[in-house]
Amino acid sequence: MLVGIPKEIKNHEYRVGMTPTSVREIIKHGHQVVVETKAGVGIGVADSDYSTAGATILDSAAEIFAKADMIIKVKEPQAVERAMLREGQILYTYLHLAPDPAQTKDLVESGATCVAYETVTSAYGGLPLLAPMSKVAGRMSIQAGAYCLEQPHGGLGMLLGGVPGVDPAKVVVLGAGVVGTHACHIAVGMGADVWVLDNNPISIEKHWQQFGRSTNSVFSTVDALEQHVVSADLVIGGVLIPGAEAPKLVSAAMVRDMKPGSVIVDVAIDQGGCCETSRATTHADPTYVVDDVVHYCVANMPGGVPRTSTYALNNVTLPFAIALANKGAKQAMLDDLHLRNGLNVHAGKITCREVAEDLGYEYVEAGAALQG
């Protein structure tokens, strides 16, 4: 199979779909790789590094899309990239389709086979291709929140951990999953007063076992959300319903009642955000203010630390990439339920139930679509 690696073009996106190490590994399995020139510059990798690994360097994304049997990316394809997809081509990347009807329409019309990292599952539970970026984003959310709390950046002028004799900031983390857990690691380490809300008793129990009294865990209800969000200095939105649009847990009314200068970091923005006042921003212009509350809603947070993110991502995406190349998309997914769960669009059909329900498409089970 000929595998293509285009340069990412989303605003301030510096990650790349495959590292030279991954390229060398897939070539060892008998495949060819073409890489767009300067695709790896954001992670400090030169074209010569890819050439040494065995890849061929091409001058443009158009050449990559025209030649490759499988396109491996990081972020969802932008409109100009979607226009280059063709019937039968494999697209393997993050998609986040539920809040993005325009992208979904284009992928359906392309006839391509589109596998979303964020819905691939594991025999051990969880979402293994989403988890590394959730870890990165969770940790970055506290860094970003601490920065935004500084008065020159619109915040109320608090040091996250306070100092002896002065209270620390109250950090409220919505969701005790991967994002929430890693946000807590950093927030606790910085000395914040950390509160975690979740409506899953098992998640709360696991959180308690991990953090004990260093955080405060609360069962999430409307009352609890109103109480803790309104009193927070920093709110971290880390909720996830796999494949579906994020639930709007923080209402516009709650935001109006928050302290002037408090901060919301909505990590769930890739899936539409968990706050009614959230809208996607970029690293170039990361924040805006609603009702005197600073909103940080960067849709590709891990792109800000591309060296860490790319290598962490490749560690988990490479085995599935090899399976897709070795067996072809149809057989690889028929053989592996967890990879099949990653199939969101195939030959004009929506094969992810949550996407179909959120966007009003007919749902076709992935196995049936592949054999149809």
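To be clear, the structure that these remarks concern was listed above.
Residues numbered from 1 in each chain as written. Predicted model: local features only at pLDDT ≥ 70, side-chain atom pairs only at ≥ 80, totals over all residues. Heavy atoms only, no water.

Student: Describe the nonpolar core, with residues and values.
Tutor: By size, the foremost hydrophobic cluster in this structure holds 71 residues, and its most contacted members are Ile-72, Tyr-92, Leu-160, Leu-234 and Ile-236. No other element matches the eight residues that helix H6 (residues 131–148) contributes to this core. Ignoring sequence-local partners within four residues, the contact set of Leu-160 consists of Ile-142, Ala-146, Leu-149, Pro-168, Ala-169, Val-171, Met-190, Gly-191, Ala-192 and Leu-234. In terms of nonpolar packing, the next biggest core, distinct from the first, is built from 22 residues, Leu-58, Leu-91, Ala-116 and Val-355 among them. (Core = buried A, V, L, I, M, F, W, Y, C linked by side-chain atoms within 4.5 Å. Buried < 20%, exposed > 50% of the residue type's maximum accessible area, 1.4 Å probe, protein only. Helix = DSSP H or I, 4+ residues; strand = E, 2+ residues; numbered from the N terminus. Contact = heavy atoms within 4.5 Å.)

Student: So what's going on with the packing of aromatic side chains? Residues and values would help.
Tutor: Summed over the entire model, instances satisfying the criterion amount to two aromatic pairs. Measuring from ring centre to ring centre gives 4.7 Å for Tyr-92 and Tyr-117, while their planes differ by 90 degrees; the resulting arrangement is edge-to-face. Of the two residues, Tyr-92 sits in strand E5 (residues 90–93) while Tyr-117 sits in the loop between strand E6 (113–116) and H6, which places them 25 residues apart along the sequence. By the burial criterion, Tyr-92 is buried, and Tyr-117 matches it. When the ring of Tyr-94 is compared with that of Tyr-117, the centres are 4.8 Å apart and the planes differ by 85 degrees; the resulting orientation is edge-to-face. Highlighted residues: Tyr-94 in the loop between E5 and helix H5 (101–110) and Tyr-117 in the loop between E6 and H6, separated in sequence by 23 residues. Residue Tyr-94 shares its accessibility class with Tyr-117, and that shared class is buried. Here a set of aromatic residues connected by ring pairs shows up, and it is made of Tyr-92, Tyr-94 and Tyr-117. A cation sits over an aromatic face here: Lys-170 above Trp-195, 4.9 Å from the ring centre. Note that Arg-279 overlies the ring of Tyr-288, its terminal NZ or CZ placed 3.8 Å from the centroid. (Phe/Tyr/Trp six-rings, centres within 6.5 Å; stacked < 30°, edge-to-face > 60°. Lys NZ or Arg CZ within 6 Å of the ring centre and 35° of its normal.)

Student: Tell me about unusual backbone geometry, and name the residues and values.
Tutor: We note that His-96 has phi near 50 degrees; this positive angle belongs to a residue other than glycine. Secondary-structure assignment places His-96 in the loop between E5 and H5. Here His-96 falls in the buried class, since its relative accessible area comes to 7%. The phi angle at Asp-292 is positive, at roughly 70 degrees, despite the residue not being glycine. Mapped onto the elements, Asp-292 comes out in the loop between strand E12 (287–290) and strand E13 (293–296).

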